[in-house]
Amino acid sequence: MTTRTATTLTDRYVWTVTRHLPADVGPDVARELRATIADAVDARVEAGADPVTAEKEAVAELGDPDVLARQYGGRPAYLIGPGVYPDYVRLMRVLPAIVLPLVLVANFAAKAATTDEGWGPILLDAFLLVLTTAVHLAFWVTLTFAVIEWTRPEGERERPLSVWTPDQLTADVPWRTVKIGETIFEVGFALALAALVTWQLGGVGDNGIQVLDPDMHAVWKVLLVGWFLVDAAVALLVWRVGRWTPSFAALNVVTNAGAAILVLWLLARDEFITDLPQVLGEKFGWSTDWSVSSAAVGAVIVAIAAWDAVESVLKARRASRAGQ
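No experiment lies behind these values; they were computed from the predicted model shown.

Undergrad: What is the right way to look at the overall build of the chain in this model?
TA: In terms of helices and strands, the chain carries 11 helices and 0 strands. Walking the chain from its N terminus toward its C terminus, one meets helices and strands in the order α-α-α-α-α-α-α-α-α-α-α. Considering only residue pairs separated by 6 or more positions, the chain has 72% of its internal contacts joining residues 24 or more positions apart. For the chain, the accessible area works out to roughly 19900 Å², and carbon and sulfur atoms hold 65% of it.

Here's what the structure looks like:
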């Protein structure tokens with residue numbers, strides 16, 4: 001005996017499952033689902049359930065129709081599967097490290113050669129272009145691998161795209177390897193900050209906002225810019241050696257401590273930052289009835305220097321322990 005109900009719940013469920021299935025599969029799946037639901041409804045009705053409730057419970061027991069459709073259609077329930085994922089990760093590690101620095105250098109050189117804008121706008125444009133390029137790179141690479149995953153025959157989805165060989169192992173053990181991408185980021189960031197501070201200390205003109213005091217003594221200007229240049233040099237040396245050493249960590253601690261002390265001393269003498277409320281008031285017409293806390297600025301600088309110093313010491317300790 002087959003119990004029929006006046007609802008269309010079964011029809012809606014079957015349609016949801018089979019709507020994207022191939023024509024040679026969909027009709028058979030629809031008949032199988034209808035028979036399964038009908039048998040479940042009959043069993044519940046014979047046990048005393050209301051037909052409408054019985055049908056709802058039977059459909060609910062089958063679960064999410066989209067999940068069921070993937071099972072019947074053999075479609076993966078993930079974007080990038082285990083077969084192609086290693087190649088995807090390897091490409092996403094290498095490609096940004098090559099493309100993004102080239103974009104940054106090319107844009108920076110082109111802007112510097114063809115425009116009269118200050119260093120600040122040029123650096124900002126370069127940063128925004130690199131950010132946009134990184135987003136596009138991640139999107140299109142991910143989309144490409146997702147298409148590869150979804151178009152592969154079901155029997156080949158576990159097979160990797162490329163064959164792994166021992167030649168692909170790194171030339172050094174992991175604890176001695178400093179990633180090139182991390183080094184490029186650290187060097188690029190330090191050089192960008194050095195250029196930004198140089199632009200500020202040289203006077204930004206009418207187009208920029210003067211935050212740092214351009215009347216600072218030339219010796220202090222050189223030391224402040226040198227702080228970032230030393231950071232870039234240390235990052236390159238660490239990459240060359242392959243790991244953080246106690247000597248590099250000590251150098252990093254000394255330079256950060258020296259820079260923090262210099263900034264605090266300049267702040268105490270009111271020679272580090274300009275009268276920012278007045279500068280912004282003249283530039284944008286903002287109210288000047290406020291002030292910048294030298295203590296807060298000093299605390300931020302000290303926190304940044306301390307964080308960078310402590311991080312280098314921890315990296316040196318981890319590398320030392322791993323090498324024992």
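Here the narrative resumes.
Undergrad: What's the story with the pattern of salt bridges in this structure? I'm lost.
TA: Once their charged atoms are close, side chains differing in charge can pair, the charge on each being opposite to the other. Inspection of the entire model under this criterion finds 8 salt bridges. As a salt-bridge pair, Lys315 and Glu186 come within 3.9 Å of each other at their nearest N and O atoms. Of the two residues, Lys315 is situated in helix H11 (residues 294-322) and Glu186 in helix H7 (residues 180-201); the sequence distance between them amounts to 129 residues. Looking at Lys315, the relative accessible area reads 16%, which means it is buried. Residue classification places Glu186 among the partly exposed positions, given a relative accessible area of 28%.

Undergrad: Would you mind showing me how to read the environment of Val52 here?
TA: You can see Val52 is positioned in helix H3 (residues 51-62). Along the backbone, Val52 and Leu9 are 43 residues apart, and their C-alpha atoms lie at a distance of 9.1 Å.

Undergrad: Just to check I follow, could you spell out the environment of Leu193 for this structure?
TA: Here Leu193 is to be found in helix H7. Note on Leu193: relative accessible area 25%, which makes it partly exposed.

Undergrad: How should a nonpolar patch on the surface be read in this particular structure?
TA: Taken together, Leu124, Phe127, Leu128, Leu131 and Val135 make up a surface patch of nonpolar side chains, about 490 Å² in accessible area. Here Phe127 lies in helix H6 (residues 119-151). Using a relative accessible area of 51% as the deciding quantity, one classes Phe127 as exposed.

Undergrad: I keep staring at the nonpolar core and nothing clicks. Help me out?
TA: The tendency in soluble globular proteins is for nonpolar side chains to be buried as a group. Val197, Leu201, Met216, Leu224, Val263, Leu266 and Phe272 are the most contacted members of the largest nonpolar core, which has 19 residues in total. Of all the elements in the fold, those that place two or more residues in this core are H7, helix H8 (218-241), helix H9 (246-268) and H11. The leading source of residues in this core is H9, at 6 residues. Ignoring anything within four residues of it in the chain, the contact list for Leu201 reads Leu212, Asp213, Pro214, Met216, Lys221 and Leu224. Listed in part, the 15 residues of the second largest apolar core include Tyr13, Val14, Ile37 and Ala69.

Undergrad: What should I look at first to understand the packing of helix H1 (residues 9-18) against helix H2 (residues 26-46) in this one?
TA: Helix-helix packing is characterised by the crossing angle of the two axes and by the distance between the axes. Closest axis-to-axis distance for the H1/H2 pair is 10 Å, and the angle between their directions is 145°. Seen along the crossing, H1 lies across H2 with a hand that is right-handed. Note on element contacts: H2 touches H1 through Gly26, Val29, Ala30, Leu33, Arg34 and Ile37, opposite Thr10, Asp11, Tyr13, Val14, Val17 and Thr18. Grouping the constituent residues of the contact of H1 with H2 by class yields 7 nonpolar, 3 polar and 2 charged.

Undergrad: Explain the environment of Arg93 here, please?
TA: By the element assignment, Arg93 lies in helix H5 (residues 85-114). Put simply, Arg93 and Ile180 are 87 residues apart on the chain and 9.5 Å apart in space, counted from C-alpha to C-alpha.

Undergrad: I would appreciate a short explanation of the packing of H1 against H3 in the present structure.
TA: Interhelical geometry of H1 versus H3 gives an angle of 15° and a closest axis separation of 10 Å. Regarding the angle of H1 to H3, the classification is roughly parallel. The hand of the H1/H3 crossing is left-handed. On the side of H1, the interface is formed by Leu9, Thr10 and Tyr13, while H3 contributes Glu55, Lys56, Val59 and Leu62. Looking at the contact of H1 with H3 residue by residue, the class counts come to 4 nonpolar, 1 polar and 2 charged.

Basis of the calculations
Residues numbered from 1 in each chain as written. Predicted model: local features only at pLDDT ≥ 70, side-chain atom pairs only at ≥ 80, totals over all residues. Heavy atoms only, no water. Helix = DSSP H or I, 4+ residues; strand = E, 2+ residues; numbered from the N terminus. Contact = heavy atoms within 4.5 Å. Areas by Shrake-Rupley, 256 points an atom, 1.4 Å probe, with all protein chains shown as cover. Salt bridge = Lys/Arg side-chain N within 4 Å of Asp/Glu carboxyl O. Buried < 20%, exposed > 50% of the residue type's maximum accessible area, 1.4 Å probe, protein only. Patch = residues over 30% accessible without salt bridge, like charges linked within 9 Å, V, L, I, M, F, W, Y side chains within 5 Å. Core = buried A, V, L, I, M, F, W, Y, C linked by side-chain atoms within 4.5 Å. Axes fitted to C-alpha atoms, helices over the stretch in contact; angles between N-to-C directions. Left-handed = near helix turned anticlockwise from the far one by under 90°. Nonpolar A, V, L, I, M, F, W, Y, C, P; charged D, E, K, R; others polar. Parallel < 35°, antiparallel > 145°, perpendicular 65-115°, else oblique.

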